[in-house]
Amino acid sequence: ASKVRLLVLSHLCLLVILYLFFLRIRPFDPPPVWRGLAAALMTVYVLNYHPVADNFAWGQINLIVLALVCLAWLALKRGGHALSVAVPLSLAVLLKTYPLLLLPLLVIRRRYAAAAWTLGLVVLYGLVSWWVLPKGLWGDWLANVAPTGGYGLRPFNLPFIPVEPWNHSINGFMLFVQDRVPEVFGLPTRLMTKPLTYLLAGAVGAATLGLALLSARRGQGEGTLDADVSLFLLMMFLVAPLSWEHHLVYALPAAM
């Protein structure tokens, strides 16, 4: 029963994403002569985008997370109330954590109240979970999961997955290099991969922030908001310690 409900919910979220993106966030309006062909190509592209099917097949929640991000995106674009941005974004963070990386964009856009509400709601969810979830869960997370959640590490109880081919993040690539190339210039690769991973992830993050700041300072904030959010979603995918194929749905707005 849970599988069926999640499958239905994921399909509904895909429809919500397409509706919000093409009819509300970025209305689909190509030149009339190309409209039919463009719509057909876009439909074929989305329906053949394998990470979407991957979410259905593996029971993943990324389409739910992306739908929530799109709701926050629409509210941000329309200049909505801080809570209209914060509530869906904080729920996305509750499900996946990584959308927390969108907070700097809110600050760059001077939506300080929305950023503060988002952070406050996330903290509130954590406090509620302390009372609601089974005793010892947070202690187990702090003792076992958190210390193995950084770059260059194997997450607790996931000894092999970070270096498998389907981890497409910077961390996954560097761990792959570490396992396949034992030495570089006579030095053990494992001594360099971890700092290099942090350096590369930091460079991607800095480039993303820099572009968003540049567009805001040039007064192109409204015109570049869609590109900025899409770019932040791509950055989120790249710098995450684990980015499997089903996480590539976060690249779908940029691709579309």
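Quick note: structure is the one above.
Not measured: the values here are computed from a predicted model.

1. Details of the overall build of the protein
- The helix and strand tally for the protein stands at 12 helices and two strands.
- Ordered by position from the N terminus, the helices and strands of the protein form the series α-α-α-α-α-α-α-α-α-β-β-α-α-α.
- Against the 2.2 N^0.38 benchmark of 18 Å for 256 residues, the protein shows a C-alpha radius of gyration of 20 Å, consistent with a compact globule.
- Seen along its three principal axes, the alpha-carbon backbone of the protein occupies a region of about 60 × 50 × 45 Å.

2. Thoughts on the nonpolar core
- Ranked by internal contacts, the top residues of the largest apolar core, which has 49 residues, are Val 52, Leu 63, Cys 70, Trp 73, Val 85 and Leu 106.
- Elements supplying a minimum of two residues to this core: helix H1 (2-25), helix H4 (62-77), helix H5 (82-96), helix H6 (103-108), helix H7 (112-132), helix H10 (190-217) and helix H11 (221-239).
- Among the elements that make up this core, the one with the highest residue count is H4 (13 residues).
- If near-sequence neighbours (up to four positions away) are discounted, Leu 63 is found in contact with Ser 10, Cys 13, Leu 14, Ile 17, Val 52, Asn 55, Phe 56 and Val 249.

3. Let's talk about the side chain of Ser 215
- Looking at where Ser 215 falls in the secondary structure, it is placed in helix H10.
- At 3.2 Å, the side chain of Ser 215 forms a polar contact with the side chain of Thr 224.

4. Things to note about the environment of Val 107
- Along the chain, Val 107 falls in helix H6.
- Residue classification places Val 107 among the partly exposed positions, given a relative accessible area of 40%.
- Beyond its immediate stretch of four places on either side in the chain, Val 107 contacts Tyr 112 and Ala 115.

5. Here's the deal with the layout of surface pockets
- By volume, the largest pocket is sized at about 1100 Å³.
- Counting only elements with at least two residues in the lining of the largest pocket, the list comes to H5, H7, helix H8 (137-145), H10 and H11.
- Each residue belonging to the lining of the largest pocket can be placed in one class, and the counts come to 27 nonpolar, 10 polar and one charged.

6. Some thoughts on a nonpolar patch on the surface
- A cluster of nonpolar side chains, contributed by Leu 124, Val 128, Trp 130, Trp 131, Val 132, Leu 133 and Leu 137, occupies part of the molecular surface with about 760 Å² of accessible area.
- Here the element with the most residues in the nonpolar patch is H7; it accounts for five residues.
- Along the chain, the position of Leu 133 falls in the loop between H7 and H8.

7. With respect to the pattern of salt bridges
- The final tally for this structure, using the stated rule, is four salt bridges.
- Here Lys 77 and Asp 226 are joined by a salt bridge, their closest N and O atoms 2.7 Å apart. Of this pair, Lys 77 sits in helix H4 while Asp 226 is found in helix H11, placing the two residues 149 residues apart along the sequence.
- Owing to a relative accessible area of 26%, Lys 77 belongs among the partly exposed residues under this scheme.
- Residue class for Asp 226 comes out buried when judged on its relative accessible area of 7%.
- The partner of Asp 228 in a salt bridge is Arg 109, and the shortest N-O contact between them spans 2.5 Å.

8. Section: unusual backbone geometry
- Positive phi is not limited to glycine here, since Thr 97 has a value of about 75 degrees.
- Inspection of the secondary structure assignment puts Thr 97 in the loop between H5 and H6.
- The exposure class of Thr 97 is partly exposed, given its relative accessible area of 49%.
- In this structure, Arg 110 is a non-glycine residue whose phi angle is positive, near 60 degrees.
- Position of Arg 110 relative to the elements: it lies in the loop between H6 and H7.

9. Quick notes on the packing of aromatic side chains
- By the definition in use, this model includes six aromatic pairs.
- Centroid distance Phe 22 to Phe 28: 5.7 Å. Interplanar angle 85 degrees. Geometry classified as edge-to-face.
- Note on Phe 22: relative accessible area 14%, which makes it buried.
- Pairwise contacts between aromatic rings join Phe 21, Phe 22, Phe 28 and Trp 73 into one cluster.

10. A look at the packing of helix H9 (residues 170-180) against H10
- Where H9 meets H10, the closest approach of the two axes is 9 Å, and the angle between their N-to-C directions is 160 degrees. Considered as vectors, H9 and H10 are oriented roughly antiparallel to each other. Here H9 and H10 pass one another in a crossing that is right-handed. Together, Ile 170, Asn 171, Met 174 and Gln 178 of H9 and Arg 190, Thr 193, Leu 196, Thr 197, Leu 200, Ala 201 and Val 204 of H10 make up the contact between the two elements.
- The residue makeup of the contact of H9 with H10, split by class, is six nonpolar, four polar and one charged.

So, how was this worked out
- Residues numbered from 1 in each chain as written.
- Predicted model: local features only at pLDDT ≥ 70, side-chain atom pairs only at ≥ 80, totals over all residues.
- Heavy atoms only, no water.
- Helix = DSSP H or I, 4+ residues; strand = E, 2+ residues; numbered from the N terminus.
- Rg over C-alpha atoms; globule rule 2.2 N^0.38 Å.
- Core = buried A, V, L, I, M, F, W, Y, C linked by side-chain atoms within 4.5 Å.
- Buried < 20%, exposed > 50% of the residue type's maximum accessible area, 1.4 Å probe, protein only.
- Contact = heavy atoms within 4.5 Å.
- Polar contact = N/O pair within 3.5 Å; in protein donor to acceptor, adjacent residues only side chain to side chain.
- 1 Å grid on protein atoms, 1.4 Å probe; cavity = no way out; pocket = protein on both sides within 12 Å on 5 of 7 lines; lining within 4 Å.
- Points joined across faces, edges and corners; volume = space filled by probe spheres on them.
- Nonpolar A, V, L, I, M, F, W, Y, C, P; charged D, E, K, R; others polar.
- Patch = residues over 30% accessible without salt bridge, like charges linked within 9 Å, V, L, I, M, F, W, Y side chains within 5 Å.
- Areas by Shrake-Rupley, 256 points an atom, 1.4 Å probe, with all protein chains shown as cover.
- Salt bridge = Lys/Arg side-chain N within 4 Å of Asp/Glu carboxyl O.
- Phe/Tyr/Trp six-rings, centres within 6.5 Å; stacked < 30°, edge-to-face > 60°.
- Axes fitted to C-alpha atoms, helices over the stretch in contact; angles between N-to-C directions.
- Parallel < 35°, antiparallel > 145°, perpendicular 65-115°, else oblique.
- Left-handed = near helix turned anticlockwise from the far one by under 90°.

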